[in-house]
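Examining the three-dimensional arrangement
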Amino acid sequence: MMTVQAANAAEQLVLDFFVVLSSGDLETLRGFYREASVWEPKVKDIPGAGRHVGMAIIDEFLAPVRGMFKPGDPKVHVQAMFSQTKDGTTWVCVESNSTGESMDGKVYDNDYCWVFEISNGKIDAMREYMDSLYTAKWFGMV
């Protein structure tokens, strides 16, 4: 498996973010966001869809989603990353795979692409793209 190295501080922030996210330490994740930060899974009609803002990212979105998994799951495995900076914002794009096991033993294994907007050492916005059909099937929706 490829080991991804950060080329700049924004890329390192994103790698650090995924390490903390994969650990399940939601309190430490708060430090990556501002009150106006946005996490937007780019899916429709599945759990977690919509825009999550500020600390609601942790309290109303991540806590319930991660609560469906065994402690420490799911894990995010970064496969590739690149970035571009413009007007003080660095855009970081990540390709990843997430694996884990639900509380009832169901295996999760999905591919993702993420687009982060980073400024002044914090995540301003992130968009999460995934195989939504796989996710809907995993939730038993189709």
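As recorded in an unreviewed UniProt entry, the protein chain goes by the name Nuclear transport factor 2 family protein, listed as coming from Alteraurantiacibacter palmitatis.

1. Here we look at the environment of Val78
Relative to the helices and strands, Val78 resides in strand β3 (residues 75–86). Remark: the alpha-carbon pair of Val78 and Glu95, spanning 17 residues in sequence, is separated by 6.2 Å.

2. Structural notes on helix α3 (residues 56–67)
In a regular helix each residue adds 1.5 Å, so 12 residues correspond to 16 Å; α3 covers 15 Å between its end C-alpha atoms and thus fits that length. Residues of α3 that are buried include every one of Ile57, Ile58, Phe61, Leu62 and Arg66, and no others. Projected onto a plane normal to the axis of α3, the buried residues spread over an arc of 125 degrees and lie on a single side. Contact partners of the buried residues in α3: α1 (9–23), α2 (26–29), β1 (33–41), β2 (52–53) and β6 (122–130).

3. Regarding unusual backbone geometry
Negative phi values dominate among residues other than glycine, just as trans dominates among peptide bonds. The residue after Asp73, namely Pro74, is reached through a cis peptide bond having omega -5 degrees. Along the chain, the position of Pro74 falls in the loop between α3 and β3. Although it is not a glycine, Asp45 adopts a positive phi angle of roughly 60 degrees. Relative to the assigned elements, Asp45 resides in the loop between β1 and β2.

4. Digging into the pattern of salt bridges
On inspection of all chains with the given rule, the structure shows 7 salt bridges. Of the charged contacts in the structure, one is a salt bridge between Asp124 and Arg34, with a shortest N-O distance of 2.9 Å. A residue pair is termed long-range when its members are at least 10 positions apart, and Asp124 in strand β6 and Arg34 in strand β1 qualify at 90 residues. Judged by its relative accessible area of 28%, Arg34 is partly exposed. Note that Glu40 and Lys42 form a salt bridge whose closest N and O atoms lie 3.4 Å from each other. The class of Glu40 is buried, set by a relative accessible area of 18%. Salt bridges sharing common partners tie together Glu27, Arg30 and Asp59.

Rules used throughout
- Residue positions within a chain follow its written sequence, with the count starting from 1.
- Note on the predicted model: pLDDT of at least 70 is required for a residue's local features to be given, and 80 or more for side-chain atom pairs to be given and counted; whole-chain, interface and lining totals, by contrast, use all residues.
- For side-chain calculations, the full set of non-hydrogen atoms in the structure is used, while hydrogens and water are omitted.
- To qualify as a helix, a DSSP run of H or I must reach at least 4 residues; to qualify as a strand, a run of E must reach at least 2; elements of each kind are numbered from the N terminus.
- In this scheme, a helix's expected span is set at 1.5 Å multiplied by one less than its residue total.
- Exposure categories follow from relative accessible area, calculated using a 1.4 Å probe and restricted to protein chains: below 20% of the type maximum is buried, above 50% is exposed, and the middle band is partly exposed.
- This arc corresponds to the set of directions leading from the helix axis out to the C-beta atoms.
- Whether two residues touch is decided by their heavy atoms; if any such pair falls within 4.5 Å, the residues are in contact.
- What counts as a salt bridge is simple: a side-chain nitrogen of Lys or Arg found within 4 Å of a carboxyl oxygen of Asp or Glu.

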